[in-house]
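Next come the chains, spelled out residue by residue.
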Amino acid sequence: MDTVIPRLIQGQGTPEAQWQAWFSQTPLPVVAPADLLRHSSRVVIVAPHPDDEILTTAALLRCCADTDTPCLVVSVTDGEASHLGSPLWPQQHLARTRALESAAALALMAPAAQVVRLGLPDGGVADCTAQLAQALGGLLQPSDALVCPWRNDGHPDHEATGHTCAEVARQVGCRLLELPIWTWHWATPEDPQVPWHRAAAIVLAPEQLALKRQALACFHSQLLPDPSTGKEAILPAWATARLLRPFEVVFV
């Protein structure tokens, strides 16, 4: 059986207050970014959509910037399908905008990071895993730390990316670090589907959290409602609250 309950991203999901109450009773072990990256010569962050690289890897990005560790961000899609049917955001315009938003955010978090854009279809990564695997196989070295969304994160593009990264990491022999993003939406504390035994917290210093907030604010297309369709923001406040904690979670 694949899951106990479906990993559905609907409604407002599990409130952040519920997560915080659980974390206060069941704190995660803390790991320092430098310890995670101790034996890695480069960090490769694979983001299914522009903004995923900021939502959960701020601490690792800042570690790269502070220690001059090479960092490569692989943007799998251009995020062009986040506003389907929107007169305000036609797909080509949205793809260009999201690339610019990502560049502005990375300039704050890790100015020296390099970016590779694969241009796979937003919402269709599951149909392009062979292309993704080939691209990653040509980029990765055994000494890299490969960072990606958790393979069972709930969003189809995240899961396709995570599963592909896990397989490529196994083939290449590099370290794999998985990060929950939409997991916080559909899961609940102590959810048996989540590998809590592999979870660790990376603490963000106050100045790092402030910088992450600034970087996230670069993604106007995702944070503002769409007046042309009447739809709320892709990342409303109740969603970003779960991603702006003073710590980030990694499955090691």
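Position numbers for residues count from 1 along each chain, tracking the sequence in the order it is written. Local features in this predicted model are restricted to residues whose pLDDT is 70 or higher, and side-chain atom pairs enter the listing and the counts only when it is 80 or higher, whereas totals over whole chains, interfaces and linings include all residues. Computation of side-chain values: all heavy atoms of the structure, hydrogens and water removed.

Before going further, it helps to examine the overall build of the protein. Working definition: helices are DSSP H or I runs of at least four residues, strands are E runs of at least two. Numbering for both runs from the N terminus. Along its length, the protein carries 11 helices and seven strands. The C-alpha atoms of the protein give a radius of gyration of 17 Å, which matches the 18 Å a tight globule of 252 residues would have. Taking the principal axes of its C-alpha atoms as reference, the protein extends roughly 50 × 45 × 45 Å. Only protein chains enter the calculation, and the probe is 1.4 Å; a residue is then buried if its accessible area is under 20% of its type maximum, exposed if over 50%, and partly exposed in between. Across the 252 residues of the protein, 54% fall into the buried class. Partitioning the intrachain contacts of the protein with sequence separation of at least 6 by distance along the chain shows that 83% fall at a separation of at least 24. All accessible-area figures derive from a Shrake-Rupley calculation using a 1.4 Å probe, and residue coverage is judged against the displayed protein chains alone. By element, 57% of the accessible surface of the protein is carried by carbon and sulfur atoms, the whole surface being about 11,000 Å². The averaged location of the 25 negative side-chain charges in the protein is 3 Å from the averaged location of its 16 positive side-chain charges. Put simply, the radius of gyration uses C-alpha atoms, and a globule should come to 2.2 Å times the residue count raised to 0.38. Should any heavy atoms of two residues lie within 4.5 Å, those residues are considered in contact. The positive count covers Lys and Arg only, the negative count covers Asp and Glu only, and His and the chain ends enter neither. Where a charge lies is defined by one atom per residue type, namely NZ (Lys), CZ (Arg), CG (Asp) and CD (Glu).

Before going further, it helps to examine the side chain of Thr69. Along the chain, the position of Thr69 falls in the loop between helix H4 (58–67) and strand E2 (71–77). One polar contact links Thr69 to Thr67, side chain to side chain, over a distance of 2.7 Å. With residues up to four places along the chain from it excluded, the contact list for Thr69 reads Ser41, Arg42, Val43 and Cys64. Pairing of N or O atoms within 3.5 Å defines a polar contact, subject to two protein rules: one partner must be a possible hydrogen donor and the other a possible acceptor, and residues neighboring in sequence count only if both atoms are side-chain atoms.

Another point: the pairing of strand E1 (residues 42–47). Burial of E1 is extensive: six of the six residues sit out of reach of the surface. Here E1 runs beside strand E4 (residues 144–149); their pairing, made up of four bridges, is parallel. By the bridge assignment for E4, Val44 is matched with Leu146. Note on pairing: DSSP must find at least two bridges between two strands before they are called paired. Pairing geometry for E1 and E2, over five bridges, is parallel. Bridge pairing in E2 places Ala47 opposite Ser75.

A word on the environment of Ala160. Take Ala160: it is sitting in helix H7 (residues 156–172). Under the relative-accessibility criterion, Ala160 is labelled buried at 9%. Apart from residues lying up to four places away in sequence, Ala160 is in contact with Val125, Ala126 and Thr129.

Each cavity reported here is a set of points on a 1 Å grid over the protein atoms alone in which a 1.4 Å probe fits but cannot get out, each pocket an open set with protein on both sides within 12 Å along at least five of seven lines, and each lining residue one with an atom within 4 Å of a point. Grid points are joined across faces, edges and corners, and a volume is the space filled by probe spheres set on the points. Empty space within the largest pocket amounts to approximately 550 Å³. In terms of lining, the largest pocket is formed by 24 residues, of which the most central are Ile9, Ser82, His155, Trp182 and Ile234.

Under the counting rule described, the total for this entry stands at three cavities of 30 Å³ or more. Every residue lining the largest cavity is listed: Leu55, Thr56, Pro180, Trp184, Lys212, Arg242, Leu243, Arg245, Phe247, Glu248 and Val249. A total of three residues in the lining of the largest cavity trace back to one element, the largest contributor, which is strand E7 (residues 247–251). Residue polarity follows a fixed list, in which Ala, Val, Leu, Ile, Met, Phe, Trp, Tyr, Cys and Pro are nonpolar, Asp, Glu, Lys and Arg are charged, and the others, Gly among them, are polar. A class-by-class count of the residues in the lining of the largest cavity yields six nonpolar, one polar and four charged.

This next bit is on the packing of helix H6 (residues 129–139) against H7. Fitted lines through C-alpha atoms serve as axes, helices being fitted only where they are in contact, and the angles separating the N-to-C directions of these axes extend from 0 to 180 degrees. Where H6 meets H7, the axes come as close as 10 Å, and the angle between the chain directions of the two elements is 45 degrees. Comparing the axis directions of H6 and H7 gives the class oblique. Considering the relative orientation of H6 and H7, their crossing is right-handed. In this structure, H6 contributes Thr129, Leu132, Ala133, Leu136 and Gly137 to the contact, and H7 contributes Ala160, Thr161, Thr164, Cys165 and Val168. For the contact of H6 with H7, the per-class residue count stands at six nonpolar, four polar and no charged. For this classification, under 35 degrees means roughly parallel, over 145 means roughly antiparallel, 65 to 115 means roughly perpendicular, and everything else is oblique. Crossings are assigned a handedness: left-handed for a near helix turned anticlockwise from the far helix by less than a right angle, right-handed for a clockwise turn.

Oppositely charged side chains are able to pair whenever their charged atoms sit close together. Put simply, a salt bridge is a Lys or Arg side-chain nitrogen that is within 4 Å of an Asp or Glu carboxyl oxygen. Summed over all chains, the structure comprises 10 salt bridges. A salt bridge links Glu178 to Arg198; its shortest N-O distance comes to 2.7 Å. Here Glu178, found in strand E5 (residues 175–179), pairs with Arg198, found in the loop between helix H8 (183–186) and strand E6 (199–203); they are 20 residues apart in sequence, far enough to count as distant. By relative accessible area, Glu178 is classed as buried at 0%. One salt-bridge network, in which partners are shared between bridges, spans Arg151, Glu178 and Arg198.

Each pair of aromatic rings taken from Phe, Tyr and Trp, with Trp reduced to its six-membered ring, is defined by centres within 6.5 Å and is described as stacked if the planes are under 30 degrees apart, edge-to-face if over 60, and tilted in the remaining cases. As enumerated under the stated definition, the model contains 11 aromatic pairs in all. Among the aromatic residues, those joined into a cluster by ring pairs are Trp19, Trp22, Phe23, Trp184, Trp196 and Phe247. Over the aromatic face of Trp184 sits the side chain of Arg245, whose NZ or CZ is 4.1 Å from the ring centroid. Two conditions define a charge located above a ring, namely a distance within 6 Å from the ring centre to NZ of Lys or CZ of Arg, and an angle within 35 degrees of the ring normal.

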